[in-house]
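Spelled out, the chains give:
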Amino acid sequence: MPLTDLPLDALVDFRPDVAEPADFDEFWARTLAESRAAGGSVVITSVATPFTDLIVEDLTFPGFAGEPVKGWITRPLRSESERLPVVVEYLGYNGGRGLPGERLQWAAAGYVHVLMDTRGQGSGWGTGGDTSDPHGSGPAVAGFMTRGISSPDTYFYRRVFTDAARLIDALSEIPSADTDRIAVTGGSQGGGISLAAAGLSPAVRAVLPDVPFLCHFRRSAALTPKAPFTEITQYLATHRDTEDTVFTTLSYFDGVNFARRISAPALFSVGLMDDVVLPSSVYAAYNALTVEDREIVAYSYNGHEGGQLRQWTRQAEWLPSRLG
């Protein structure tokens, strides 16, 4: 598989002019305030598993508009007697939270691991999701990238990013979670969601986006050869007079704009042969960071799979000094 984008020396200095709405902060402050005002309860239920050294719990928390969102809490036994640092993980495109115990690494490494289900998704890979998205959409291409794209108020990722930030709020009601030590992570779509969560939630102390999706929408839609970004180009090929509207909407959800607002240390990864998420879109977000404590790991001969377990090992080595 060939390189899919700019050479590495150009990527390192890639700082494009990505449009940012004048009311970006106002839009997200209003969105979060409305959802917090909607209320809702955090419910934690024990789950029977064959694991002897880890505890798995079913989580329901209020997300966008107070609507229930599912998740899993997986934690070490010692979390019964002490609060532990938290790793919140968001999922890749059209994956669901799956079955209890499918993701054990962070808990096995000594963290309270909280995995968020992605509303309306969960049927593309893995073992399924459990959270509905009770909202309609105007005309859209199959998939999620163009649902409600005629306005930032109706766009699908407004709800998803709000869920992600509200999950950070909900950690205060998880007895085992040390809310002074919160990290967020995820691969692909999950990486993009982690950027939004870190940009919206000052409580986040570290962010670990792995081959993050949902960055530099305009370049990605124009140049990425594979889905899901091609959903946007397919939509525009049909709705020929909506380009300005579409990219105005997307500017409220661009990972580059969230990265500008992140104050936490960051560890990114990128695959230089990635044809799903262009390396330049990842570097656009990474180079928008203003924090000094930041690092990006480039996998020269990998595509969208990135570094996989090797990258997780890097994350596990990097994180303790940031969370204490």
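Shown above is the structure to which this text applies.
Everything numeric here is computed off the predicted structure, so don't read it as measured data.

### With respect to the overall build of the protein
Counting its regular elements, the protein contains 12 helices and nine strands. Its C-alpha radius of gyration of 19 Å places the protein within 12% of the 20 Å reference for a compact globule of 324 residues. Along the first, second and third principal axes, the C-alpha atoms of the protein reach 55 × 40 × 35 Å. By the burial criterion, 59% of the 324 residues in the protein qualify as buried. In the protein, the share of contacts with a sequence separation of at least 24, taken over all contacts with a separation of at least 6, comes to 73%. With the model as given, the accessible surface of the protein reaches about 12800 Å², and the carbon-plus-sulfur share is 50%.

### Some words on the layout of surface pockets
Of the voids in this model, the largest pocket is the one considered here, and its volume is about 590 Å³. Residue lining of the largest pocket: 22 residues in total, with Glu89, Arg103, Gly186, Gly187 and Asp210 positioned closest to the centre. Elements supplying a minimum of two residues to the lining of the largest pocket: β4 (84–90), α3 (105–108), β6 (177–187) and α11 (309–318). Ranked by residues supplied to the lining of the largest pocket, first place goes to α11 with four residues. Residue composition of the lining of the largest pocket, grouped by class: eight nonpolar, 10 polar and four charged.

### Examining the pattern of salt bridges
Any two side chains of opposite charge can pair if their charged atoms end up close together. Here the structure, examined in full by the defined rule, presents 26 salt bridges. With a closest N to O distance of 2.7 Å, Asp163 and Arg119 form a salt bridge. Of the two residues, Asp163 sits in helix α4 (residues 156–170) while Arg119 sits in the loop between β5 (112–116) and α4, which places them 44 residues apart along the sequence. Measuring nitrogen to oxygen at the nearest pair gives 2.7 Å for the salt bridge that ties Asp178 to Arg181. A residue is classified by how much of its surface remains accessible, and Asp178, at 15% relative accessible area, is buried.

### Observations concerning the packing of helix α2 (residues 24–37) against α4
Between α2 and α4, whose axes approach to 10 Å, the crossing angle comes to 65°. In this structure, the crossing between α2 and α4 has a hand that is right-handed. Between α2, through Phe27, Trp28, Arg30, Thr31, Leu32, Glu34, Ser35 and Arg36, and α4, the contact on the second element is made entirely by Tyr157, Arg158, Phe161, Thr162, Ala165, Arg166 and Asp169. Taken together, the residues of the contact of α2 with α4 sort by class into six nonpolar, three polar and six charged.

### Let's talk about the packing of aromatic side chains
Within this structure, the stated rule accounts for 22 aromatic pairs. Note on Trp28 and Phe253: the rings are 5.6 Å apart at their centroids and 85° apart in plane angle, and the pair reads as edge-to-face. Of the two residues, Trp28 sits in helix α2 while Phe253 sits in the loop between α8 (243–251) and α9 (255–259), which places them 225 residues apart along the sequence. For the residue pair Trp28 and Phe253, the accessibility class agrees, reading buried in each case. Taking 5.3 Å as the distance between ring centres and 70° as the angle between the ring planes, the aromatic pair formed by Phe268 and Tyr286 counts as edge-to-face. Of this pair, Phe268 sits in strand β8 (residues 266–271) while Tyr286 sits in helix α10 (residues 279–286); the two residues are 18 residues apart in sequence, bridging distant segments of the chain. Pair check on accessibility: Phe268 and Tyr286 agree, each one buried.

### Quick notes on the packing of helix α7 (residues 230–238) against α8
It is at 10 Å that the axes of α7 and α8 come closest, and there the two elements cross at 150°. One finds that α7 runs roughly antiparallel with respect to α8. Here α7 contributes Ile232, Tyr235 and Leu236 to the contact with α8, which in turn contributes Glu243, Val246, Phe247 and Leu250. Of the residues in the contact of α7 with α8, the class split is six nonpolar, no polar and one charged.

### Some remarks on empty space enclosed by the protein
Tallying each qualifying case throughout the model produces one cavity of 30 Å³ or more. Taken as a whole, the largest cavity spans an internal volume of roughly 40 Å³. At the level of elements, β3 (68–76) and β5 are the ones that each hand at least two residues to the lining of the largest cavity. Partitioning the lining of the largest cavity into residue classes produces three nonpolar, three polar and three charged.

### Digging into the sheet that holds strand β1 (residues 43–46)
Reading across from one edge, β1-β2-β3-β5-β4-β6-β7-β8-β9 is the order of the nine strands in this open sheet, with mixed pairing throughout. Every other strand in the sheet has two partners, leaving β1 and β9 (294–299) as the edge strands with one partner each. Each adjacent strand pair in this sheet contributes to an overall mean axis angle of 20°, direction not counted. When β4 meets β5, the two strands line up parallel, connected through four bridges. Following the sheet pairing, Val86 is matched in β5 by Val112. Contacts from helix α5 (residues 189–200) reach β4, β6, β7 (206–210) and β8, with the element oriented near 145° to β6.

Basis of the calculations
As a convention, each chain's residues are numbered from 1 in the sequence order in which they are written. Local features in a predicted model are, by the rule used here, given only for residues with pLDDT of at least 70; side-chain atom pairs are given and counted only at 80 or more, and totals for whole chains, interfaces and linings are based on all residues. Each side-chain value is worked out from all heavy atoms of the structure, with water and hydrogens disregarded. Here a strand is any run of E in DSSP of at least two residues, a helix any run of H or I of at least four, and the numbering for each starts at the N terminus. With C-alpha atoms as the basis for the radius of gyration, the globule rule is written as 2.2 Å multiplied by the number of residues raised to the power 0.38. Buried means the residue's accessible area, taken with a 1.4 Å probe over protein chains only, is under 20% of the maximum for its type, while exposed means over 50%, and partly exposed covers the values in between. Throughout, a contact is declared for two residues whenever any of their heavy atoms are within 4.5 Å. Using a 1.4 Å probe, accessible areas were evaluated by the Shrake-Rupley method; residue-level cover was limited to the displayed protein chains. Here a cavity denotes a set of grid points, spaced 1 Å apart and computed over the protein atoms alone, in which a 1.4 Å probe fits but from which it cannot get out, and a pocket denotes an open set meeting protein on both sides within 12 Å along at least five of seven lines; residues with an atom within 4 Å of a point are reported as lining. Grid points are joined across faces, edges and corners, and a volume is the space filled by probe spheres set on the points. Under the grouping applied here, Gly and all other residues not named as nonpolar or charged are polar, the nonpolar ones being Ala, Val, Leu, Ile, Met, Phe, Trp, Tyr, Cys and Pro and the charged ones Asp, Glu, Lys and Arg. Think of a salt bridge as a Lys or Arg side-chain nitrogen and an Asp or Glu carboxyl oxygen that are within 4 Å of each other. Interaxial angles span 0 to 180 degrees and are taken between N-to-C directions of axes, which are lines fitted to C-alpha atoms, for helices over the stretch in contact. Definitions for this section: a left-handed crossing has its near helix turned counterclockwise from the far helix by less than a right angle. A right-handed crossing has that turn clockwise. For this analysis, a ring pair means two rings from Phe, Tyr or Trp (six-membered ring only for Trp) whose centres lie within 6.5 Å, classed as stacked if their planes differ by under 30 degrees, edge-to-face if by over 60, and tilted for the remaining angles. Oblique is the label for any angle not under 35 degrees, not over 145, and not in the 65 to 115 range, which are roughly parallel, roughly antiparallel and roughly perpendicular in turn. One bridge is not enough; two strands pair if DSSP finds at least two bridges between them.

Distances and angles like these do not, on their own, reveal function.
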